[in-house]
Amino acid sequence: MKLKLNLFLALPALFLLFNLQANAFSTASQDSTVDNCIACHQDNDNMPDNYNPEDIHYKVGLSCFNCHGGNPKTEDEDAAMDPDKGFLGAPSKEEIPAFCGRCHSDFAFMQQYRSEVETDQESQYYTSQHGTLLKKGDTKVAVCSNCHTAHSIFSPNDPRSSVYPANLPETCNACHGDAEYMKDYSIPTNQYKLYKTSVHGIDLYEKHDMSAPVCNDCHGNHGARPPELNSIPRICGSCHVKNLNYFSSSPMGKEMEEEEIHTCETCHGYHDIQKASDDFIGTGEKSFCIECHDEGDEGYITAAFIKSRIDTLKLKYSTASDDMNNVIIKGMDDIDISFKLKEARQKLIETRTAIHSFDTSQVNTIASQGIKLSNEAIGMAQKEMDEYYNRRTGFIYSSIALLILGLALYLKIRTKNGKDKKA
Ligand code: HEC
Ligand code: HEC
Ligand code: HEC
Ligand code: HEC
Ligand code: HEC
Ligand code: HEC
Ligand code: HEC
Ligand code: HEC
Ligand code: HEC
């Protein structure tokens, strides 16, 4: 009886097991859990080249048919990819923004996946130079899949993403650095080459500083255009806040912004921005100022004045540093001096930023504070050294005194011993 029951239960179980195994081995199937698009394409070795099963769309449960349409539940090629049943095929380049936008412009749809998602990429895209030209039938421009790929799409903050900051410049450069591809246009093809050796590129690639700007920080993500000239200070100023504040605080700041005089890139460039140097100001060979200002005009005089204040501050600061080193060598107390020097150094840094006021009085205020602090440090170091020498002369005097005392004692003992012997 017991055996009979077991057999009765075992049969369907065996059947089920066999069935599961069969399913596991045949990739294409009518079974609703099998994605026949992937199965058949894998079997036929015609998966898209850049297919990555980790793509964010597969991760959230979307698959081939969600983008391309068609019926994943049938093994039959024609039925699966029937245009009459909604199969879209591979989109042409002009179709791609709407192809991706079908979901990404649909707020209600996207909300189901993530509440804070943006749904303006497609509309933003059509404000860009890329989108504007695509509308006119130029298919050389970038569309969604040129920047994001079609089958290896990741979140922008995933290091595998083609738009992850460290990867993005190469993504843009695939077209913008290709002189042959870009030959119909009149723009340079050296942006990436210049960027790589700029202070920003070095910061990104050599110091791995993710706060360095990459192409889209200055050009926007989807609205990529060259920035309007008078918006450049605000783009640079989004990171270099103090420089922008000085720039705008100067009595002529507003006027300069409006007239596009002294905007950041007039002096620093944009793709090839180099590490700053004190020689960029003044009237020397490397000075930015002498490119436009001639001897005697106000700009020239301002440049010379600012440079002279920076030079004085640097000289005082380095004298104070040397003095402090002597204090350290002699083993005297350097703690308060080093605090003063730190403050002075901060003023030197601030002075370099304050030059962006192009205003002698603003620069002078800060530089003078730095000079004063350096002088104070020099004074404090002098005091420590005086004390050191005082202690040293004190030591010599007391040594001599001790020596005299010892000698006197010795003589006294000797004469006493002599007297004792005579007695
Ligand atoms: C039984 C096999 C089979 C199934 C199932 C299948 N495909 Fe295909 N698919 C093919 C083959 C073979 C080609 C290439 C031949 C051709 O272009 O017709 C192809 C081509 C494509 C193309 C490129 C078409 C073009 O215009 O260049 C896309 C996109 C595609 N399939 C998507 C899908 C999607 C999405 C599904 C599921 C809904 C699917 N396929 C299901 C076999 C299959
Ligand atoms: C996020 C949307 C999306 C998903 C998901 C997607 N595709 Fe595509 N696919 C595209 C776009 C866009 C293109 C055209 C641009 C291109 O070729 O890079 C394309 C092109 C293709 C092509 C023709 C060109 C080529 O690269 O071979 C095939 C075949 C294809 N897809 C198959 C598939 C299959 C199979 C799947 C599922 C594994 C899939 N796609 C999933 C968006 C998608
Ligand atoms: C010129 C290159 C480029 C093109 C073209 C482009 N993108 Fe992007 N996209 C980016 C960059 C760069 C980011 C990353 C932004 C960041 O770092 O936050 C991004 C981010 C995204 C995001 C993440 C959310 C967001 O808005 O930041 C989505 C979704 C997206 N893009 C979809 C699209 C769609 C859809 C299209 C086509 C209509 C498209 N992109 C066209 C470069 C591009
Ligand atoms: C069938 C709807 C659909 C289509 C078509 C589609 N996507 Fe998506 N996409 C989504 C969903 C849903 C997510 C996941 C949202 C999330 O969790 O961030 C997503 C995520 C993304 C992300 C990551 C966003 C982020 O901030 O993490 C990018 C980038 C992206 N898609 C680009 C594209 C591009 C490019 C295309 C066209 C080639 C495309 N998508 C087509 C639905 C779609
Ligand atoms: C598929 C190739 C391709 C990719 C990838 C690409 N672009 Fe473009 N881009 C072009 C073409 C073509 C033009 C049109 C050139 C023109 O208008 O003179 C253009 C125009 C531009 C312009 C306007 C230039 C001007 O002065 O008119 C900017 C800015 C720009 N792209 C930035 C970017 C950035 C940033 C990226 C990366 C996030 C990028 N592009 C990725 C092809 C591409
Ligand atoms: C620090 C900001 C910044 C970064 C980073 C940056 N650009 Fe630019 N880019 C600009 C400015 C500013 C202009 C326009 C100046 C003008 O119109 O006078 C410009 C102009 C351009 C142009 C128009 C043609 C030209 O060379 O003048 C293209 C194309 C371009 N950039 C692409 C890129 C690409 C690709 C990257 C990344 C490798 C990039 N940019 C990185 C600020 C930047
Ligand atoms: C996304 C933020 C960001 C943007 C936008 C940006 N920068 Fe920078 N910049 C940085 C970072 C980070 C550094 C490196 C910090 C460092 O090493 O001093 C840097 C360094 C510099 C330096 C060298 C500083 C030094 O100490 O020598 C100059 C000059 C500079 N940027 C100018 C500009 C100009 C001009 C623009 C606009 C065309 C701009 N930056 C846009 C973040 C930014
Ligand atoms: C008229 C020329 C000129 C203009 C315009 C200009 N700068 Fe400068 N900038 C300089 C000079 C000169 C230095 C070097 C100062 C030094 O090291 O003594 C410098 C240094 C810098 C530094 C490094 C020193 C620091 O402050 O950390 C940054 C960052 C910087 N500039 C950003 C900007 C930004 C952002 C703008 C636009 C708002 C801008 N600059 C506009 C001439 C200019
Ligand atoms: C690209 C050209 C250019 C560069 C480089 C340049 N300037 Fe100017 N600057 C001008 C123009 C144009 C004016 C307004 C006309 C005038 O008064 O000369 C001006 C005005 C000034 C003024 C106000 C003069 C007045 O009459 O109100 C000062 C101060 C000044 N610049 C200082 C500097 C300093 C310091 C530098 C270097 C860090 C510098 N400029 C670099 C073009 C430039």
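Located above this text is the structure these notes cover.
For the structure given in this document, a descriptive report is provided here. Remember, predicted model here, so these are calculated numbers, not experimental data.

Let's shift gears to the coordination of the iron atom of ligand 4. Summarising the metal site, the iron atom of ligand 4 is bound by the protein donors His57 (NE2) and His104 (NE2), whose distances to it range over 1.9 to 2.0 Å. Here the iron atom of ligand 4 binds six donor atoms, and the angle range of 86 to 179° at the metal identifies the geometry as octahedral. Pair noted here: His57 is in helix 3 (residues 56-59) and His104 is in helix 6 (residues 96-104), with a separation of 47 residues, a long-range link.

Looking now at the site of ligand 5. Neighbouring residues of ligand 5: 20 residues in total, closest Gln129, His130, Cys172, Cys175 and His176. In the model, an oxygen atom of ligand 5 is placed 2.7 Å from a nitrogen or oxygen of the Gln129 side chain. Between His176 and ligand 5, the recorded distance is 2.8 Å, taken from a side-chain N or O atom to a nitrogen atom. Contributing elements (two or more residues each) for the shell around ligand 5: helix 9 (129-135), helix 11 (168-176) and helix 14 (215-219). A per-class count over the shell around ligand 5 returns 12 nonpolar, six polar and two charged.

Moving on, we get to the site of ligand 4. For ligand 4, the set of nearby residues contains 19 residues, the closest of which are His57, Cys100, Cys103, His104 and Arg114. His57 places a side-chain nitrogen or oxygen 2.8 Å from a nitrogen atom of ligand 4. Within the side chain of His104, a nitrogen or oxygen atom sits 2.7 Å from a nitrogen atom of ligand 4. Elements that contribute at least two residues to the shell around ligand 4 include exactly helix 3, helix 4 (64-68), helix 6, helix 7 (107-111) and helix 10 (144-148).

Structurally, His293 is set in the loop between helix 18 (264-268) and helix 19 (298-329). Residues His293 and Ala303 lie 10 residues apart in sequence; the distance between their C-alpha atoms is 9.1 Å. Those residues in contact with His293, other than ones at most four positions away along the chain, are His262, Gly299 and Tyr300. In this structure the side chain of His293 is engaged in a polar contact, spanning 3.3 Å, whose partner is the side chain of Asp297.

Geometry reference: four tetrahedral donors at a metal, ideal angle 109.5 degrees. Six octahedral donors, ideal angles 90 or 180 degrees. Within the protein, the atoms that donate to the iron atom of ligand 1 are His41 (NE2) and Met81 (SD), at distances of 2.0 to 2.2 Å. One can describe the donor arrangement at the iron atom of ligand 1 as octahedral, given that its six donor atoms subtend angles of 85 to 178° at the metal. With His41 in helix 2 (residues 36-43) and Met81 in the loop between helix 5 (77-80) and helix 6, this pair connects stretches of sequence that are 40 residues apart. The class for Met81 is partly exposed, based on a relative accessible area of 31%.

Calculation notes
- Residues numbered from 1 in each chain as written.
- Chains lettered and ligands numbered in written order.
- Predicted model: local features only at pLDDT ≥ 70, side-chain atom pairs only at ≥ 80, totals over all residues.
- Heavy atoms only, no water.
- Donors = N, O, S within 2.8 Å, 3.2 Å for Na, K, Ca; no water.
- Tetrahedral: all angles 85-135°; square planar, octahedral: opposite > 155°, others 65-115°.
- Helix = DSSP H or I, 4+ residues; strand = E, 2+ residues; numbered from the N terminus.
- Near = heavy atom within 4 Å.
- Polar contact = N/O pair within 3.5 Å; in protein donor to acceptor, adjacent residues only side chain to side chain.
- Nonpolar A, V, L, I, M, F, W, Y, C, P; charged D, E, K, R; others polar.
- Contact = heavy atoms within 4.5 Å.
- Buried < 20%, exposed > 50% of the residue type's maximum accessible area, 1.4 Å probe, protein only.

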